[in-house]
Every structure is written in C-alpha cells, then in structure tokens.
Amino acid sequence: MATQHDKQFKLDAVQYYQDHKGLGVRGCAENLGIGYSTLTKWLKNFREAGDIPVRGSGNYASDEQKEIARLRCELRDAQDSLDVLKKAINIRGK
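What you see is a predicted model; the values in this text were computed from it and never measured.

Trainee: I'd like a rundown of the overall build of the chain, residues and numbers included.
Mentor: Scanning the chain for helices and strands turns up four helices and zero strands. Helices and strands appear in the chain in the N-to-C order α-α-α-α. Within the chain, the proportion of its 94 residues that are buried is 15%. Expressed as a percentage of contacts within the chain between residues at least 6 apart in sequence, the contacts between residues at least 24 apart total 46%. In the form shown here, the chain has an accessible surface area of approximately 7,500 Å², with 51% of it arising from carbon and sulfur atoms.

Trainee: Lay out the nonpolar core with the relevant residues and their values.
Mentor: If you look at soluble globular proteins, the nonpolar side chains tend to sit buried side by side. Ala13, Val14, Tyr17, Val25, Cys28, Ala29, Ile34, Leu39, Trp42 and Leu43 form the largest nonpolar core, which has ten residues in total. Counting residues per element, the ones that place at least two in this core are helix 1 (7-19), helix 2 (24-32) and helix 3 (36-49). Apart from residues lying up to four places away in sequence, Ile34 is in contact with His5, Phe9, Ala29, Leu39 and Trp42.

Trainee: Any details on the pattern of salt bridges? Residues and values, ideally.
Mentor: Close approach of charged atoms allows side chains of opposite charge to pair. Tallied over the entire structure, the rule returns one salt bridge. Note that Lys44 is salt-bridged to Glu48, the shortest N-O span being 3.3 Å. With Lys44 and Glu48 both in helix 3 and four residues apart, this pair spans about one turn of that helix. Accessibility expressed as a relative area gives 57% for Glu48, which makes it exposed.

Trainee: Just give me the short version of the packing of helix 1 against helix 2, but keep the residues and values in it.
Mentor: Close contact between helix 1 and helix 2 brings their axes to 10 Å; oriented N to C, the two are set at 135 degrees. The angle between helix 1 and helix 2 places the two elements in the oblique class. Handedness of the crossing formed by helix 1 with helix 2: right-handed. Across the interface between the two elements, Phe9, Ala13, Tyr16 and Tyr17 from helix 1 touch Gly24, Val25, Cys28, Asn31 and Leu32 from helix 2.

Conventions and cut-offs
Residues numbered from 1 in each chain as written. Predicted model: local features only at pLDDT ≥ 70, side-chain atom pairs only at ≥ 80, totals over all residues. Heavy atoms only, no water. Helix = DSSP H or I, 4+ residues; strand = E, 2+ residues; numbered from the N terminus. Buried < 20%, exposed > 50% of the residue type's maximum accessible area, 1.4 Å probe, protein only. Contact = heavy atoms within 4.5 Å. Areas by Shrake-Rupley, 256 points an atom, 1.4 Å probe, with all protein chains shown as cover. Core = buried A, V, L, I, M, F, W, Y, C linked by side-chain atoms within 4.5 Å. Salt bridge = Lys/Arg side-chain N within 4 Å of Asp/Glu carboxyl O. Axes fitted to C-alpha atoms, helices over the stretch in contact; angles between N-to-C directions. Parallel < 35°, antiparallel > 145°, perpendicular 65-115°, else oblique. Left-handed = near helix turned anticlockwise from the far one by under 90°.

Limitation: the analysis is restricted to geometry and does not speak to function.
Spelled out as structure tokens, the structure:
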C-alpha cells in the first residue's frame, strides 16, 4: 500500500524545495525520500491553490463512508493474506 503523508509533511516538502531550488525537484525529492512525481504534484497543488489537499478522513461524506473505506482496506489485506497462505499450502503439498 502506498505511503500517505500528512499535510504538514507535504507543506514542509514544498518549503524545502523553495529553500533548496538549486537541488532541483528531483534532488529535493530524493533527499526527502519521496518520488519525483509526488513532489511535482504537491508543488503544482500548492501553486494552484496556495494549499495542499489531503486525502483522508476529511474527504468522506460521513463517518459511515469512512468506516466502509476502512473495512474495504481491511478486507483487501485479509484477502491478500489468504492468497499467500493458499500458495504456501500448494507449494508444501507438492
């Protein structure tokens, strides 16, 4: 699953780039341990909106929608674990 960074990290990353433009976007992204395209997207969002939208609890219409998303994620993880176990059983059974 992809790492989700909080809003403060994103704002700090934008500030880091602004303070170290000589490194370029790629160099700043590497120093921060994030992808080039990720930092590019954050910079674009900040330029256009003056802020950075954050995915997460604020984007759900209700607590129920948030819970549904959490349960779907939990189910997906459980299904992945089950698939790994099935493969392991098949390998051992041969």
